[in-house]
Amino acid sequence: MGKITGFLEFEREIEQCKPVKDRIKGYQEFTLPMPKKKLSDQGARCMDCGIPFCHSGCPLGNLIPDFNDAVYKGKWKKAAEILHATNNFPEFTGRLCPAPCEEACVLGINEDPVTIENIEKNIIEQAFENGWVKAKPPKKRSGKTVAVIGSGPSGLAAAQQLNRAGHLVTVFERDEKVGGLLRYGIPDFKMEKQIIDRRIAVLEEEGIVFKTNTEIGKDIDADQLKSDFDVVLLCTGATVRRNLPIKGADLNGVVQAMDFLKQNNKRVDGIEDLGDEIFAKGKDVVVIGGGDTGSDCIGTSVRHGAVSVTNFEIMGKPTLERPKNQPWPFWPMRLRTSSSHQEGAERQWSISTKEFVGDDKGNLKAVITSEVEWVKENGRFTLKEIPNTEKEWKCDLVLLALGFTGSETDVANQFRVDMDARTNIKATDLDYATNVKGVFAAGDSRRGQSLIVWAIAEGRQAAYHVDTYLMGSSNLPLKGEGDLPRV
């Protein structure tokens, strides 16, 4: 590394944010860019650690020490080339990834880890700003055709890789715009949608065809797709929401988080036909679920002008430090406070929701909860309700941010592919192929609800195996390898 003693000289610094009172007035991104000198110093903190565990922490196998060193030396274009070698969309992961690479950073054993995610984001923004991100259509076409179903991160990554291999790729999306979860699940204050649009423009220039408002089984037949294309790759995500089957779950005001977030993203996009409006202004809001989706609901509710926002989490409050049973370099379940949490939410831990209470018109007016504890019995933790801890919370809107249970069965049934016990499409790690010849699967639809970085990694891996299926071998890279497209 260029600065052997950098980790001794510079402390960890991350982007600052606009004040809460200013940023909650709109839906724009609110981080403040760091000067290049400070970013160079952060790159200098990357150690000459011998074995970079950040590689194994990153599902994409990003060449992290290499681009950190390039940033330290001011070689931003080289850094962008290194980053793009393993990651199709660093502008997404640089904003949205929880950064398992940082938890695996060797420096993080006894110091604050390197700010890998922020460096990644700044590399790609420099690349777009300077015109280094250019379309690279293949020099020769294979004549093979691939249909990618779903335009989320896995579908987009697979499409770009397969197009680089020379295949003719068409991406089918049932929504009106491309992006999947990136467009309709992630609030604009975390990632403005022009970030997606500029990348899609590059993919289209490379030759990828996008067909929106096209639902399998409704607008186009699965058998027709199998007939028209040499391969079909299913990247439909894990979109079946988890319900809370308790009394009052059907009351007006009990809403799935993704319905709330998707509608608001459309509202910000200027779409007028939104259906029944879900709006938090003037309401006491309860968000059930302590993950990223719950956090997104909090930030959105605050921007709507909610009177109060309370967040329920059934698990106990995590510690700030690593739990003893989750040592470095493993991902630790410790307390994480998002920017949305800082904007005005009250967080409640070890809370179980028992009943939704409505008025005589069928509208939600309260939530009844009890405190719980996790007790270890026979080697397993069991949830126990603590007696005499019931409490009623005034509430006009409940947002269920409870995660997803698996992939929708309709598409799987139409293609006649098998599903596993967790209702994911069954496709092995060996080749990502399903039980139906010529039909493959990748992303959350195959592995279950996961991270965006995993979705991109799945799309890249699936592309390699699809290319091998079509051509007998592949020059596309596997995890951690640089791109070597067929020319």
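Draft legend 1. Fine view of the packing of aromatic side chains. The final tally for this structure, using the stated rule, is five aromatic pairs. Judged by centre distance (5.2 Å) and plane angle (35°), the ring pair of Phe-89 and Phe-92 falls under tilted. Of the two residues examined, Phe-89 and Phe-92, each falls in the buried class. Directly above the aromatic system of Tyr-184 lies the positively charged group of Lys-266, at a separation of 5.8 Å from the ring centroid.

Draft legend 2. Local environment of the packing of helix 5 (residues 64–72) against helix 9 (residues 116–129). Where helix 5 contacts helix 9, the axes come no closer than 11 Å and their chain directions differ by 65°. Both helix 5 and helix 9 take part in a crossing whose hand is left-handed. Two secondary-structure elements touch here, helix 5 through Ile-64, Phe-67, Asn-68 and Val-71 and helix 9 through Ile-116, Ile-119 and Ile-123. When grouped by side-chain class, the residues that make up the contact of helix 5 with helix 9 number six nonpolar, one polar and no charged.

Draft legend 3. Fine view of the pairing of strand 10 (residues 308–313). For strand 10, a buried count of five out of six residues is recorded, marking the element as mostly surrounded by other parts of the structure. For the crossover that starts at strand 9 (residues 284–288), traverses helix 15 (residues 292–304) and ends in the parallel strand 10, the hand is right-handed. Bridge analysis of strand 10 against strand 11 (residues 345–349) gives five bridges, and the strand direction is parallel. Its bridge partner lying in strand 11, Val-309 is registered against Ala-345.

Draft legend 4. Inspection of the pattern of salt bridges at higher detail. Tallied over the full model, the rule gives 36 salt bridges. Between Lys-121 and Glu-15 there is a salt bridge, and its shortest N-O distance comes to 3.2 Å. Here Lys-121, found in helix 9, pairs with Glu-15, found in the loop between helix 1 (6–9) and strand 1 (16–17); they are 106 residues apart in sequence, far enough to count as distant. The salt bridge involving Glu-176 is made with Lys-266; its shortest N-O contact spans 3.4 Å. Highlighted residues: Glu-176 in the loop between strand 4 (168–172) and helix 11 (181–184) and Lys-266 in helix 14 (residues 257–268), separated in sequence by 90 residues. Here the salt bridges share partners, and the residues they tie into one network are Glu-29, Arg-95, Glu-125 and Arg-198.

Draft legend 5. Structural detail: the sheet that holds strand 18 (residues 439–441). Strand order in this open sheet of five strands is 5-4-3-6-18, and the pairing throughout is parallel. One side of each edge strand has no neighbouring strand; the edge strands of this open sheet are strand 5 (209–211) and strand 18. When the angles between neighbouring strand axes are averaged without regard to direction, this sheet yields 20°. Helix-sheet contacts for helix 10 (residues 153–164) involve strand 3 (145–149), strand 4, strand 5 and strand 6 (231–234), and the interaxial angle to strand 4 is about 165°.

Draft legend 6. Region of the structure containing unusual backbone geometry. Here Trp-328 and Pro-329 are connected by a cis peptide whose omega angle stands at 5°. Structurally, Pro-329 can be placed in the loop between strand 10 and strand 11. The phi torsion at Asn-213 lies on the positive side, around 50°, for a residue other than glycine. Mapped onto the elements of the fold, Asn-213 is located in the loop between strand 5 and helix 13 (222–228). Even without being glycine, Ser-350 reaches a positive phi, approximately 55°. Within the fold, Ser-350 resides in the loop between strand 11 and strand 12 (351–358).

Draft legend 7. Region of interest: the sheet that holds strand 16 (residues 397–400). The five strands lie next to each other as 8-16-9-10-11, forming an open sheet whose pairing is parallel. At either end of the open sheet lies a strand with only one pairing partner, and these are strand 8 (254–256) and strand 11. Across the sheet, the axes of successive neighbouring strands diverge by a mean angle of 20°, strand direction being ignored. The pairing of strand 8 with strand 16 spans three bridges and is parallel.

What counts and what doesn't
Residues numbered from 1 in each chain as written. Predicted model: local features only at pLDDT ≥ 70, side-chain atom pairs only at ≥ 80, totals over all residues. Heavy atoms only, no water. Phe/Tyr/Trp six-rings, centres within 6.5 Å; stacked < 30°, edge-to-face > 60°. Buried < 20%, exposed > 50% of the residue type's maximum accessible area, 1.4 Å probe, protein only. Lys NZ or Arg CZ within 6 Å of the ring centre and 35° of its normal. Axes fitted to C-alpha atoms, helices over the stretch in contact; angles between N-to-C directions. Helix = DSSP H or I, 4+ residues; strand = E, 2+ residues; numbered from the N terminus. Left-handed = near helix turned anticlockwise from the far one by under 90°. Contact = heavy atoms within 4.5 Å. Nonpolar A, V, L, I, M, F, W, Y, C, P; charged D, E, K, R; others polar. Right-handed = clockwise from strand over helix to strand, strands pointing away. Pairing = 2+ DSSP bridges. Salt bridge = Lys/Arg side-chain N within 4 Å of Asp/Glu carboxyl O.

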